[in-house]
Amino acid sequence: MAASSAPGAGPRALRPQAFGADPTGERMARIRRSPHFADGVFQNPGGTARMRPSGSGRDLARIYLDKDARSRRAPQGAIPVHPTTLADLTRPPATGLRLTWMGHSSVLAEIDGQRVLFDPVWGQRCSPFPFAGPKRLHPVPLPLAALGPVDVVVISHDHYDHLDMPTIKELAGTDTVFAVPLGVGAHLERWGVSADRLRELDWQESTRVGGLTLTATPARHFCGRGLRNTQHTLWASWVVAGERHRIYHSGDTGYFDGFGDIGAAHGPFDATMIQVGAYSEFWPDIHMTPEEGVRSHLDLQGGEPGGALLPIHWGTFNLAPHPWAEPAEWMTDAAGAVGQAVAFPRPGAPFEPGGDLPTEPWWRSLTRPVPRVWDTGSLPRGEEKESPKGDLDLAGDR
């Protein structure tokens, strides 16, 4: 992997290019002026969020090394990827809104005549190194070059499973606009994106791209790509509003009471893309469980079921101790308890939130039965259910 080699740059000269760049100059000055930046770091809504595993390191290691648990963290066979074709993407959506989940948090949204690509990761590993780090569990549905023109690329934050240097470098050769949280533009400029194509936003700031309004909204997470986590780049969820449709992408976030405020200001939404994977009781503040994902969707919709919920951040990379298919099974139960419509497309299969949703549990043929270790009784609506509790209750105590 290429590393910077500017004379006299000292240790910075040896940093891998994938680490990106730290904000400097006017970009750093703008960060310091942010109302969400204090004591040298960006602050989370709802108070400090634990960013490192809590509890016993021995317990965490035991879960990761357990042979049976390890076997459940990957599919037992090939994930049925839909080979997305040009015909899939050139035919205008009948309803004016179409979503294509490319895996993990990468989603192509065709909304009111424009194309938005969220958190594109086409690389084989979410890592700064091509030889180490979490590897894809399924291939990308189509080459990035075959995707066609994209009006705007939206980045939620700078972690490797959301901001992929090889993907950004390929997109840098197009004329797309990039909407990113404060500070993240430094990485993109280092990788070849010109400053005039960057729209760098703080929470509650908006930008117009064609007929779309894109707004960076709060999330509860953290940032960082290098060996030092300086917390100098912001993380965000995103609202995209067109003439007829509104959609929401959560990025990575823990559950917090700000979802209702986002919904009141920008909703309700025709579709939400909600992070529901890579959760654990060891880091409950920065990722949501599927039950919390359903709860956040209801908050965004004013407290009632509505629109379509697309679960993201699961199925593509092995990033947490839970079984590979558990997010889908838990989401099925949690959404069913409140009558919320959920889309479960195969990676690469386009669907229209205003039409028939893909609901087939395609993952079940690739995994052993998933033990129910959760309880959806804390949801705002639905009957209370009894659930067997194992040694690891990933629902946690809220």
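Residues numbered from 1 in each chain as written. Predicted model: local features only at pLDDT ≥ 70, side-chain atom pairs only at ≥ 80, totals over all residues. Heavy atoms only, no water.

The protein chain carries the name MBL fold metallo-hydrolase in an unreviewed UniProt entry, which gives Streptomyces lusitanus as its organism.

Chemist: Let's hear about the sheet that holds strand E14 (residues 308–312): which residues, and what values?
Modeler: One open sheet holds the 6 strands; their spatial order is E9-E10-E11-E12-E13-E14, and the pairing between them is mixed. Whereas interior strands pair on both sides, the edge strands pair on one side only; in this sheet they are strand E9 (206–209) and E14. Pairwise comparison of adjacent strand axes, ignoring direction, gives a mean angle of 20° for this sheet. Judged from the 3 bridges that link them, strand E12 (residues 246–249) and strand E13 (residues 271–275) form a sheet pairing that is parallel. Residue pairing for E13: Tyr248 is matched across the bridge by Thr272. (Pairing = 2+ DSSP bridges. Helix = DSSP H or I, 4+ residues; strand = E, 2+ residues; numbered from the N terminus. Axes fitted to C-alpha atoms, helices over the stretch in contact; angles between N-to-C directions.)

Chemist: Describe the sheet that holds strand E8 (residues 198–201), naming the residues involved and giving the relevant values.
Modeler: Read across the sheet, 6 strands follow the order E3-E4-E5-E6-E7-E8 without closing on themselves; strand pairing throughout is mixed. Both outer strands of the open sheet, strand E3 (97–103) and E8, are each paired with one neighbouring strand and no more. Recorded for the sheet is a direction-independent mean angle of 20° between the axes of neighbouring strands. Where strand E7 (residues 177–181) lies against E8, 4 bridges are found, and the strand directions are parallel. What sits directly across from Phe178, in E8, is Leu198.

Chemist: Now, about the packing of aromatic side chains: what can you tell me, with residues and values included?
Modeler: Throughout the structure, instances matching the rule amount to 15 aromatic pairs. Taken together through their ring pairs, the aromatic side chains of Trp101, Trp314, Trp324, Phe344, Trp362 and Trp363 make up a single cluster. Of note, Arg295 hangs over the ring of Tyr255, and the distance from its end group to the ring centre comes to 4.7 Å. (Phe/Tyr/Trp six-rings, centres within 6.5 Å; stacked < 30°, edge-to-face > 60°. Lys NZ or Arg CZ within 6 Å of the ring centre and 35° of its normal.)

Chemist: Please give an account of helix H7 (residues 259–266) that cites residues and values.
Modeler: Taken residue by residue, H7 has Phe259, Ile262, Gly263 and His266 as its buried positions. Projection of H7 onto a plane perpendicular to its axis shows the buried side chains occupying an angular sector of 95°, all on one side. Residues of H7 that are exposed and angled more than 90 degrees away from the buried face: Asp261, Ala264 and Ala265. Summarising the contacts, the buried residues of H7 are in contact with strand E10 (212–217), strand E11 (237–241), E12 and helix H8 (290–300). (Buried < 20%, exposed > 50% of the residue type's maximum accessible area, 1.4 Å probe, protein only. Arc of directions from axis to C-beta. Contact = heavy atoms within 4.5 Å.)

Chemist: I'd like a description of unusual backbone geometry, backed by residues and values.
Modeler: Note that the residue after Gly267, namely Pro268, is joined by a cis bond; omega there is -5°. Topologically, Pro268 is positioned in the loop between H7 and E13. Positioned with a positive phi, Asp112 is a non-glycine residue whose angle comes to about 50°. Along the chain, the position of Asp112 falls in the loop between strand E4 (106–111) and strand E5 (114–118).

Chemist: Quick rundown of the environment of Ala18? Include the residues and the values.
Modeler: Inspection of the secondary structure assignment puts Ala18 in the segment before helix H1 (25–33). Distance in space between the C-alpha atoms of Ala18 and Asp164 is 8.1 Å, their sequence separation being 146 residues.

Chemist: Quick rundown of the side chain of His221? Include the residues and the values.
Modeler: Here His221 shows up in the loop between E10 and E11. Here the side chain of His221 touches Asp252 through a polar contact of 3.5 Å, side chain to side chain. With sequence-adjacent residues up to four places away left out, His221 is seen in contact with Asn44, His157, His159, Trp235, Asp252, Thr253, Ile286 and His287. (Polar contact = N/O pair within 3.5 Å; in protein donor to acceptor, adjacent residues only side chain to side chain.)

Chemist: Before we move on, could you go through the environment of Trp101 and cite the residues and values that matter?
Modeler: Mapped onto the elements, Trp101 comes out in strand E3. According to the relative accessible area criterion, Trp101 is buried, its value standing at 2%. Through-space distance from the C-alpha of Trp101 to that of Phe344 is 9.3 Å; in sequence the pair is 243 residues apart. Residues in contact with Trp101, not counting those within four places in the same chain, are Ser106, Val107, Leu310, Pro311, Ile312, Trp314, Pro345, Arg346, Pro347, Gly348, Ala349 and Trp362. In terms of polar contacts, Trp101 uses its side chain to reach the backbone carbonyl oxygen of His104, at 2.6 Å.

Chemist: Describe the nonpolar core, with residues and values.
Modeler: Counting 69 residues, the largest nonpolar core has Leu99, Val116, Phe118, Leu214, Trp238, Ile247 and Leu310 as the members making the most contacts within it. The element that contributes the greatest number of residues to this core is helix H9 (residues 326–338), accounting for 6 residues. Here Val116 is in contact with Val107, Leu108, Ala109, Ile111, Val152, Val154, Leu212 and Val240, once residues within four sequence places are set aside. Counting 29 residues, the second largest nonpolar core, distinct from the first, contains Ile155, Leu171, Ala172 and Leu188. (Core = buried A, V, L, I, M, F, W, Y, C linked by side-chain atoms within 4.5 Å.)

Chemist: Hey, could you go over the side chain of Arg225 for me, with residue numbers and the actual values?
Modeler: Position of Arg225 among the secondary structure elements: in the loop between E10 and E11. It turns out Arg225 is buried and unbridged, and the closest side chain with the opposite charge, Asp158, is 5.9 Å from it. Among the polar contacts listed, one links the side chain of Arg225 to the backbone oxygen of Asp158, at a separation of 2.8 Å. Aside from chain neighbours lying at most four places away, what touches Arg225 is Ala18, Phe19, Asp158, His159, Tyr160, Leu163, Met165, His187 and Trp191. (Lys, Arg positive; Asp, Glu negative; His and termini not counted. Salt bridge = Lys/Arg side-chain N within 4 Å of Asp/Glu carboxyl O.)

Chemist: Mind laying out the pattern of salt bridges, listing which residues take part and the relevant values?
Modeler: Summed over the entire model, instances satisfying the criterion amount to 10 salt bridges. Close ionic contact of Arg346 with Glu360 constitutes a salt bridge, the shortest N to O distance being 3.2 Å. Of this pair, Arg346 sits in the segment after H9 while Glu360 sits in the segment after H9, placing them 14 residues apart in sequence. Classification of Arg346 by relative accessible area gives partly exposed; the value is 29%. Put simply, Glu329, Asp333, Arg364 and Arg372 are held in one network by salt bridges that share partners.

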